[in-house]
Every structure is written in C-alpha cells, then in structure tokens.
Amino acid sequence: MPSSLRSAVAFSMFLAVPLISAETPPANAIPAADDAEVITLEEFTVSTASSRGSYITTESASGTRTKEAVVELPYSLQIMTEDFMNDFGLFDRGDSNAYVAGATFGTGSETALLGEISTLNGFSYGAGRDGFRISLPSNPANTIGSEVISGAQGTFYGEVAFGGVINYKNRRPYVKPRYMLTLNAGNNDYYHASAFASGPLVPNKLYYLLTLDHKHERFNGPWSDKDSSSAGLSLLWKISRATALTVGYEYSFVDQEEFRASANLIRLNGGSVVGVERYWTGTAGFNQYGPDTLDTRKQGGLNVLLEHRISSTWAARGSLQTWFSKNAIERDNRTTIFVEDDTGRRFFGTTSSASRGTSPFKDDGSDSNIGGQFDITGVFRTGSIPHKAILGLDYARRSIKVRNAYMPTAWIDRLPDEWIWLDYDNPVWLSHTHGTIDPTQPGTWNVVDYDLVNRYAARRDYDYESFAAVGSLRSHLFKDYLITNISGRIQADHAWAWSQPDEDTTPVLNSDGSWTYPKQARTEGSLRNHPFNYGLGLNSKILGDNLVLYAVASTAFTTNRTGTIDKVTGALIEPDRAVSLELGGKGFLLQGRLAYTVSAYQINRENVSDVNPAYDSADLENSPPQYITGREDRTRGIKTYFVWVPLRDRSLNVTADIAYTDGIIVKDAPGNIAGKNPDGTTFNFDGWRRRGVSKWKASLASSYLFKSGPLKNLKLGASLAFRSNFLGIEPTYTTSTSAYSVSYPAKWFPSLTTVNAFVNYTFATKSFVAATHKLQLNAQNLTNEKYYSHAGRLSFGTTFNLSYTLNF
C-alpha cells in the first residue's frame, strides 16, 4: 500500500471521531409479506419482504457475505430492489448498469473490435451471487435484485474486482404456496415466458422452488436471433431449528445465429492497398455461406448449501458448487473483411488469391468448475466493546478446454470464386453467377459442411486452482459512535496450461484423401501466486443513522485463470493488482424514507500487461516477449446516489445518481510503442484517457402508485439515463501498406441519453382461486438512440414490451 494512501486513511480515521451523539436507527415501516421467503439463519439471509413496495432497503448481504446494516458497511453500496427491476423491465443481467453510479452503460463491444466494455468506476468488476464469490452464473429468471459495491473488493470476492462487485440476489423457497407466470411480447420478434412455483412440501420442514424460463430475441439486424431456455429446482430442508440444507440444480440452453456487426474495409487502387479502416454495418455478416456464427451453449450446475447454528451467537454456513459450460460454435470468418476495388464495388474477400478470404471455423470448448466456501460468523464482547467476526475458507478449481479448428486449405480452394457484390448506398443483396441468394430464405444459402472443418489451429487446456482464507472483524466503539471494519484475505493460486502452436498443426493431405496430423508440440507454463488483500474501513455515526461518515482502503488483484502464456518465454502472465481509497457519507433521513450516499475515490491499478507491439509471431526465436508489463492505470471520481420516498404512504419513489470519473493511463508499460506517426516518430499512451470510461454519468427514475380513487392500483414511471462520450479504440498510426497493418485514428463513442417509461395496472380476482393480475407496458429508448448494449448488441431504437403477470 503506497505511503500516501496509508497517510490518507489514518488522517481520515482521525477526523471521523464523533462529536455528536447518535440517534436511534429508523424503524422498518414496510410490513413483512405473508408469502415471505423461508428464513433459515438470520445471519445469512436478507428477506425480500423487507423492501416490498419500495425502492429502499436497509440491509445487504454483499459487503461481507453476511447480512449487515447498510450504514455499517464502509463502502459505497447501491441496492436495486425487486420492485425497481420489475418496474423498469431490467430482465437481463447488465440492463441495470444505466442506473448504477459510476458505470459506463450502453457501451457494447461492436463484436470483434472492442471486446466487452462495461466498466464500474473506470475498471472491470466482479460478480457474485447471494454473497458468494464462487457461484453459478446468475440466472435472469431467478434474479430478484442486485447490490453494487464500489472499490477494489478483493477481500471477500477475490480476483478481477478492481472497480467493484455486483452481487445478484436470487429467489428462495417461500413459506406459503406461491405461483407466478409472466408472459412478455414486444416488437423486433421478442417474446419471453417465465414461471415459478414454490411453497412447502412438508409443512415447516421441506420447501421447494421450481423456475422455468424461455426467451426469443433478435439483434444486430434482421437475420440474427437467439433462443434461451432455463430450468431450476431447489429444495430447502429445515432439519431442525438450528440446521437447514438447500440443494438446487439449474440447467440452461442457448442457441443463436449471429451476423457480425463490424469488419475491416480494404481499399485497393491498381491492386495495391491504399487504405484500411474499421467498417461498421448491421448487415455486414450475411454471406452466401449462411449465418456468420452458429452458437450453441449448454450450462448446468449443482449447489448444496448447509447452514447450522452453533450457539445463540455463532452460526456456520458451508456451500459446495459444481457447474459446467459447453459450447459449439461454427463461424465463417470470411465476413470480417470487405474489399473495395478501383470501380467502387465492395465484396467479401481479401487481396490475396492464396488465402481466398474464406476460413470456416468452429470452436468446441468446455468449462468445468468446482468450488467450496465455508463461513462462520459470531458476535462477542471484550469488556464493554461488542464485536462481530467472520472467518471463511474458499476453494475453487476450474478446467477450460479450447479446440479451435479451420477448414483445410485444400477444401478452401475448392469453394466458389464468386463474391456477393454490395451497393452500400442502397443495401440490397444482389445476384451472383449461381443464382440469387435471399438472406430471408435459408434454403438459398450454400451452407458450409462443418464436418470438413478439422484442421486444428489451437488445442489448449487451462487449469486453475485456488485456496483462500478470509477474516473480518467489526468493532463498535464509544456506544456505537465509531465502527471499525478490518478484513484480510490470503489466497494461494496455481495456474498451468499447455497449448499447441499454430505452425505445428497444418495437416498433410494424403493421396487417398485422408489427413495426417503432425505430433502435437506442447507449450507449458505454471504460475504460483500468494496474493494478500485487505480492507481497512471506519464508520463514524455523526448523527446516528442520519449521517454516517466512512473511509476505506481496499485492494484487489487478478490471477491468470485462463493460463495465458507468453509464446516467446513460455511463462504465464503475472497478475496485476489494484489499491483503492474511498471517503464518503451515507445515511437515512425522514424516518428512513430518504437513503443517500456521497463519496470520493481513487483506484490505482499496477503491473497491467499489454501485447508487445514488437512481438514477431513469424520469428519466435528472435522475437522479443509477446507481453510487456508495468503499465499503471488510475481513476478518480466523485459520485452520489439516493433513493427518496417523499410521501408517507410510499406511493412515490424517486432514485437518482450522478458521477464524475476521470480515468487515465498514468504510465504506459516501459518500452511500449503504441504506433508510428506519419513522420516516423513513435508514441505511447502516457496520459491517455482509459478506454471505455465515461467522465459523466447520471440517471433519474421515478414511479407513482395510485392508492385510492378511480385510478387505484395504476402505477406510472419514467427514467432518464445519460453518459458522456468515451474512447472506444486507441489510435494506431503506421506507414505500412500491409492489409493487416491498420492505420486509423482514435474512435470515440458519442454521448448517450436514453429515456424509458412504463405503466402497469394490478387487480385481484377471487373466483376459483384468489389471484392478482398485472398488465404492464414498457417503452424503452424513447429517444430512439442507436447504440450497443452491454452485451454488444446493436439497439433497434425504441422498443415496446407488453407483459402479463399472474400471481397466486
């Protein structure tokens, strides 16, 4: 930890000594619902009933993996309740980023060009589930809320949590029988059906939760769509008043066809390359060989959770999870390149007749994981000072297998010569010599035989194993005026990998038509790492829960979990780490009807790795290392977030955030040359703004529920979200005319403002069975902006979604 940060933390803790007596915490005015979720041990469960009917909640299960009061956590913590997510149609993971302070939303990836860009406080963030770092990916059909913790959060959530952590809360079995069915339909061929059933199988002993979900959606133009289905079953057995066991299994299936939204455009003059640029078009991916990408993914996993009360003050929780993911991707890589000849015509291909520009590709990969987590928590006293302690152990093992194959060159040479010519002023797909291809009629496609795609370009295996011990101690001093939070994590990692170099994989075509593959060449690497992460926090209840000042210093790191190997040195890439400092204030005002947080922070990330521009893949023996390390990134910012319930009957909810984030590359990696200027001089990125970071972000959302009169049970709401521009691609200047030595300036994404609205009406019926019904209309992107979503999908402009929910 830098001395400047140590001094700042010490000084801020000194200033936070309370001078004014505390007030009694506000009472929770929201009654518990009759169908509340089953509470096993209070230490580990935050019931959604505590926030029913409001956008405010006073408890969290994210900061320390156990239930805590929000004001006692020394973090900027933003919670989105189930009501908020349902009202504004935040059905998919990542949709809520537009309402998160300090997040860069609507960035997307423009597919192959930018990679996934969605940042929190200027950096990547981690994801957890129900307070667990090691977990199955969150299932959108089962997600009922999210909690966003800012700052480097390596203590409880481990690696890759530089900007913070988003913890997703999932549904638990209900005390009383409850059934819900939701049907959604919208423009752009969108439809979604979701259902769950829950309740006791054996009263007061055994409970169940069954979830089902299916969704169809279209994106990136008229010939790309995705179908996804999931199912889950969870059983909760209350063995005794002190012990509960939960066993659950989830399975999901995704099948999608996709057309790329980006490409290289190569301009020719007399057969020579005179320009290369990135070209964006929503219909670029369709070609005479059918869909650009066929992607099938299967994922499933088992979760076992045991909770036990040791005594009246100590409780334990253990979790074992194992999950897998398998994917099968078929792709025609030819569509990533367009050529414009002397006449201005554009076609799919390359400038080299040898490569032909056609490279059908498939990826058969798998990802298997097993993880365990054990926590013990308790309260005790030393003299008159109360404490709460958390001790935890984590274990994780992950195995990834990658199998990338291309079509052998001999088969590529047998494919047709003809290209599809395009008129970009009037984008109509024209004919070629073998007849007309209609993208809307799959029967006219000349689909590649992917059984012939068997020339392996990569056979890589990655294995990762980690074991960690976690400890946390919170102490309440001076009659609860001062709360200290100390946490630490020691983690032992071991990562190793082997890969087969591309140049050793070209098969030989035998005279009988069979193929002979050369002996595999192995490149192995191993990395052992023992990072220590800490969190030092202090909360000072200046005015009780009305005003709490806090300061926290925390750290995070990354581990080479996928076994990235430097092809020159054969070594795995060393991890980088981050240190953050945050100062702020938070509290609840107006009898708990106004929750707010204001904070300032700085995050430094060091030892960042980059690809070495001087790396020469064609001459590995004489090439410098493939990766160089030593870059330092930094973000600084100020942000505020609040939720306000102005009326005592809680019919009106208002939530807002505003954030300023200054993210820069403080120091580029030593020796890094980002590119050449036209005059031959070189440059790096010292002082450049970080990619994917908006300086300004703000949102405002409100809803009103009529509780009396002729409009009783009608609810209206609207939201506005804004982010400023950000850097999408850094510049790469070069004097080379090679087709793949691209010369293009920095690409900036423009600012973005989106407006959403909803209206719903709820009514009850008592015939046959008592039930409630809700009709809801959501209108999103009313400003008709064109942007890429968090998942890299090009928006369609304004969309409408009509839903019906039956609840009984």
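Residues numbered from 1 in each chain as written. Predicted model: local features only at pLDDT ≥ 70, side-chain atom pairs only at ≥ 80, totals over all residues. Heavy atoms only, no water.

1. A short note on unusual backbone geometry
Alright, step 1. Of note in the backbone geometry, Asp189 takes a positive phi value of approximately 60° without being a glycine.
Alright, step 2. The class of Asp189 is partly exposed, set by a relative accessible area of 48%.
Alright, step 3. Here Phe478, not a glycine, exhibits a phi torsion of approximately 50°, which is positive.
Alright, step 4. You can see Phe478 is positioned in the loop between β20 (455-477) and β21 (482-499). (Buried < 20%, exposed > 50% of the residue type's maximum accessible area, 1.4 Å probe, protein only. Helix = DSSP H or I, 4+ residues; strand = E, 2+ residues; numbered from the N terminus.)

2. Considerations on the packing of aromatic side chains
Alright, step 1. One pass over the structure, following the stated rule, counts 14 aromatic pairs.
Alright, step 2. Where Phe88 meets Phe758, the ring centres are 5.1 Å apart and the plane angle is 80°; that geometry is what we call edge-to-face. You can see Phe88 sitting in the loop between α2 (82-87) and β4 (126-129) and its partner Phe758 sitting in strand β37 (residues 752-765), a full 670 residues away along the chain.
Alright, step 3. Ring centres of Tyr660 and Trp696 lie 4.9 Å apart, and the angle between their planes is 55°; this geometry places the pair in the tilted category. Separated by 36 residues along the polypeptide, Tyr660 in strand β30 (residues 652-667) and Trp696 in strand β33 (residues 696-705) bring together distant segments of the chain.
Alright, step 4. Among the residues examined, Tyr660 registers a relative accessible area of 27% and is labelled partly exposed.
Alright, step 5. Members of the aromatic cluster, each reached through a chain of ring pairs, are Tyr55, Phe84, Phe88, Tyr99 and Phe758.
Alright, step 6. The residue whose ring lies beneath Arg178 is Tyr174, and the NZ or CZ to ring-centre distance is 4.9 Å.
Alright, step 7. One residue, Lys586, lies across the ring of Tyr550, its end atom 5.1 Å from the ring centre. (Phe/Tyr/Trp six-rings, centres within 6.5 Å; stacked < 30°, edge-to-face > 60°. Lys NZ or Arg CZ within 6 Å of the ring centre and 35° of its normal.)

3. Describing the nonpolar core
Alright, step 1. Phe84, Phe88 and Tyr99 are the most contacted members of the largest nonpolar core, which has 40 residues in total.
Alright, step 2. Ranked by size, the runner-up nonpolar core spans 8 residues in total, among them Val402, Tyr464, Ala495 and Leu572. (Core = buried A, V, L, I, M, F, W, Y, C linked by side-chain atoms within 4.5 Å.)

4. Observations concerning the pairing of strand β7 (residues 178-186)
Across a regular strand the side chains alternate sides, sitting on one face of the sheet and then on the other.
Alright, step 1. In terms of strand pairing, β7 meets strand β8 (residues 190-202) through 9 bridges, oriented antiparallel. Bridge pairing links Gly186 to Tyr190 in β8.
Alright, step 2. Remark: 3 residues form the turn of the hairpin made by β7 and β8, two consecutive strands paired antiparallel; Asn188 in that turn has positive phi of roughly 60°.
Alright, step 3. Pairing analysis gives 7 bridges linking β7 to strand β39 (residues 799-807), with the strands arranged antiparallel. Bridge pairing in β39 links Asn184 to Ser803. (Pairing = 2+ DSSP bridges.)

5. A look at the side chain of Arg474
Alright, step 1. Considering the arrangement of structural elements, one finds Arg474 in strand β20.
Alright, step 2. Separated by 3.5 Å, the side chains of Arg474 and His476 make a polar contact.
Alright, step 3. For Arg474, the contacting residues outside a window of four places in its chain are Glu68, Glu72, Pro386, His387, Lys388, Ile483, Thr484 and Asn485. (Polar contact = N/O pair within 3.5 Å; in protein donor to acceptor, adjacent residues only side chain to side chain. Contact = heavy atoms within 4.5 Å.)

6. Describing the sheet that holds strand β6 (residues 164-170)
Alright, step 1. Strand order in the open sheet made by the 4 strands is β3-β5-β6-β4, with mixed pairing throughout. The open sheet has two edge strands, β3 (77-80) and β4, and neither has a second partner. The sheet shows a mean angle of 20° between the axes of neighbouring strands, direction not considered.
Alright, step 2. Alignment of β3 against strand β5 (residues 143-150), held across 4 bridges, turns out to be antiparallel. Bridge pairing in β5 links Leu77 to Ile149. (Axes fitted to C-alpha atoms, helices over the stretch in contact; angles between N-to-C directions.)

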